[in-house]
Amino acid sequence: MNETAIAPPSLHPHRQVEFDRSMRPSGIALTPGIAICQTDLPIDWYQAELKPYAEEYLALPDRTPETVLPWMDSYMVPALRELGDSVMLLAHFYMGGEIVKLVERYGGFVADSYALALQAVRNPGKTHFVESAVHFMAETIALLKHEHQSVWITNPKSGCTMEALAKEDMVLPVFRELRDRYGDDLLAIVYMNASGRVKAMAGQTGGAVCTSSNAKTIMRWAYEQSPRKKILFIPDRHLGENSGRAIGIPPDRMAHWPGGWDGARRRMAHLSAQELDALDRAELVLWGSFCGVHTIFRPEHVAYWQTRGYRVIVHPESPWEVVQAADGHGSTNYLWSAVMDASPGAKIAVGTEGHFVRNAREQAAQRGVEVVHLADIPDPSFGAVGCGCATMSRNDPPHLVGLLDLLAKGRAPELNRVLAGDSVDETTGWRERLDPRSQAEIRTDARRALEKMIELTEGAKS
Ligand code: SF4
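Quick caveat, the model's predicted, so the values are computed rather than measured. (Residues numbered from 1 in each chain as written. Predicted model: local features only at pLDDT ≥ 70, side-chain atom pairs only at ≥ 80, totals over all residues.)

Remarks on the overall build of the protein
Phase 1 of the analysis: Helix and strand content of the protein: 19 helices and 15 strands.
Phase 2 of the analysis: Relative to a compact globule of 462 residues, whose C-alpha radius of gyration would be 23 Å, the protein shows 22 Å and is just as compact.
Phase 3 of the analysis: Seen through its principal axes, the protein has C-alpha atoms that stretch 65 × 60 × 45 Å.
Phase 4 of the analysis: When each of the 462 residues of the protein is scored for burial, the buried share is 52%.
Phase 5 of the analysis: Of the contacts formed within the protein by residues at least 6 apart in sequence, a portion of 70% connects residues at least 24 apart. (Helix = DSSP H or I, 4+ residues; strand = E, 2+ residues; numbered from the N terminus. Rg over C-alpha atoms; globule rule 2.2 N^0.38 Å. Buried ≥ 20, exposed ≤ 12 C-beta atoms within 10 Å, placed from the backbone. Contact = placed C-beta atoms within 7 Å.)

Observations concerning the pairing of strand β1 (residues 87-92)
Phase 1 of the analysis: Across the six residues of β1, six count as buried, placing the element largely inside the fold.
Phase 2 of the analysis: Residues V87, L89 and A91 of β1 are buried on one face, and the alternating residues M88, L90 and H92, pointing to the opposite face, are buried as well.
Phase 3 of the analysis: The sheet contact formed by β1 and strand β3 (residues 128-132) spans five bridges and is parallel. Bridge pairing in β3 links M88 to F129.
Phase 4 of the analysis: Here β1 pairs with strand β2 (residues 109-111) via three bridges, running parallel. Across the sheet, the residue bridging to L90 is F109, located in β2. (Pairing = 2+ DSSP bridges.)

Some thoughts on the domain arrangement of the protein
For interface size, the figure often reported is the accessible area lost on association.
Phase 1 of the analysis: Assigned domains within the protein: domain 1 (25-159 + 392-429), domain 2 (163-290 + 439-461) and domain 3 (299-382).
Phase 2 of the analysis: Here the C-alpha centre of domain 3 lies 29 Å away from the C-alpha centre of domain 2.
Phase 3 of the analysis: At five residues, helix α11 (residues 237-246) tops the list of elements feeding residues into the side of domain 2 that touches domain 3. (Domains from an automatic or database assignment.)

Comments concerning the site of the ligand
Phase 1 of the analysis: Taken together, Y94, V134, C160, T161, M162, N193, C291, V293, E353, C389, T391 and M392 make up the full set of residues near the ligand.
Phase 2 of the analysis: Considered class by class, the residues forming the shell around the ligand number eight nonpolar, three polar and one charged. (Near = placed C-beta within 6 Å. Nonpolar A, V, L, I, M, F, W, Y, C, P; charged D, E, K, R; others polar.)

Here's the deal with the nonpolar core
Phase 1 of the analysis: In terms of nonpolar packing, the biggest core is built from 134 residues, with I189, V190, I234, V350 and L404 touching the most fellow members.
Phase 2 of the analysis: Beyond its immediate sequence surroundings of up to four residues, V350 is in contact with I313, L335, V339, V357, A360, V371, H373 and L374. (Core = buried A, V, L, I, M, F, W, Y, C linked by C-beta atoms within 7 Å.)

Digging into the environment of K229
Phase 1 of the analysis: Structurally, K229 is set in the loop between α10 (215-223) and β7 (230-234).
Phase 2 of the analysis: Owing to 22 C-beta atoms within 10 Å, K229 belongs among the buried residues under this scheme.
Phase 3 of the analysis: Not counting the four nearest positions on each side in its chain, K229 is found in contact with D185, L186, L187 and A222.

Some points on the confidence of the model for the protein
Phase 1 of the analysis: When the pLDDT values of the protein are averaged, the result is 89; 91% of them are 70 or greater.
Phase 2 of the analysis: This model gives residues 1-16 a pLDDT under 50, and the stretch forms 29 contacts once residues within four places in sequence are excluded.
Phase 3 of the analysis: Across residues 21-39, confidence stays below pLDDT 50; counting only partners more than four residues off in sequence or on other chains, it has 57 contacts. (pLDDT = per-residue confidence, 0-100.)

Here it is in structure tokens:
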């Protein structure tokens with residue numbers, strides 16, 4: 001990829017970033033090696049307020065950096081000048097479609113979900129946070145923010161398939177039944193990839209939120225409670241199982257509850273005596289949600305690369321058998337550091353989200369380190385290819401440009417504002433907002449669980 005001829009905007013001259021020259025309609029760059037787990041957004045997918053920006057964008061010749069960047073600058077530079085230091089642009093590592101580079105170009109901050117969650121609370125001088133990532137990340141910022149701050153997501157349809165299998169309506173009936181049966185013995189740990197309403201359940205039991213980077217720390221804390229608690233882990237069954245095994249919870253003390261509507265419909269009264277006994281004896285109950293991007297990995301993928309001299313590292317949302325077979329596992333930060341710290345000549349297969357691996361591969365290549373995606377195996381009999389997070393990549397240049405322009409003009413759509421307790425339909429973008437009292441209740445409970453996570457995480461660092 002050649003360096004773009006377009007200068008970065010004068011407002012943020014700190015960094016020159018390079019762009020994939022194959023920007024496609026909707027700005028989602030399809031690079032060889034990343035399967036099309038995401039598709040170009042048809043124009044009717046843009047909410048009414050953002051359609052004019054999408055139409056302009058789609059009319060740009062070829063949508064190469066030479067046409068896209070001046071178009072973006074024509075909106076972004078005046079908007080950033082108008083908003084001044086009050087605004088902070090945010091993106092997650094997994095973002096595709098060059099959004100990570102665009103957010104960096106305009107002076108934004110790119111990080112994992114833990115670091116993103118803390119940005120409002122750590123930057124009281126900023127009043128507007130504009131996030132290009134998925135909804136649960138934006139809502140977490142809103143749960144922790146100061147009163148005077150506002151949080152916006154560039155595309156409200158950017159959901160998370162794992163979160164979608166653990167909506168409040170699905171989890172709440174089960175949570176209530178478990179609390180009825182186990183009372184104060186039940187302690188919920190809720191992975192960051194869940195709504196504020198589900199995070200609030202952790203707070204109600206005295207539990208905590210966790211991320212992939214601190215899940216083991218949080219799980220150990222929960223397991224070491226005296227008297228011992230029954231841990232309910234929501235929503236990712238794989239992260240829950242991997243973290244539980246890592247601290248020594250035996251697999252026969254883990255109970256699996258289905259995810260999605262299957263889980264919601266399952267009732268204690270439906271369980272056989274044997275199932276009920278297993279549930280009573282379980283130290284860890286795992287809600288059965290998962291991430292499709294991470295569950296394509298199989299131990300055969302690991303063996304394929306290991307026999308060819310590659311070190312294999314995977315994200316803990318991968319199944320236990322894969323984590324077991326790999327040479328290392330950990331959060332996005334762990335994976336990134338493992339690649340960046342590798343010696344020249346090293347060969348690494350990474351099992352996680354496709355855009356992240358592509359970015360790591362580009363960076364590592366400059367240092368003579370070879371990076372491949374764990375599932376990108378040039379043998380069709382393996383039947384799987386690595387893919388990117390489709391929902392996250394629903395944020396594209398017209399969404400970023402349109403929202404920032406409208407925000408600067410005082411006309412940002414309410415649909416894009418993110419408040420504690422909002423529930424979003426990722427298909428339609430429709431947002432269900434709670435009344436102020438219920439909102440405050442969710443905020444209090446979810447915040448308690450988030451603050452417990454922060455306390456334990458920061459404590460473990462010191
Ligand atoms: S990669 Fe998976 S868990 Fe992460 S946001 Fe996308 S769908 Fe959700």
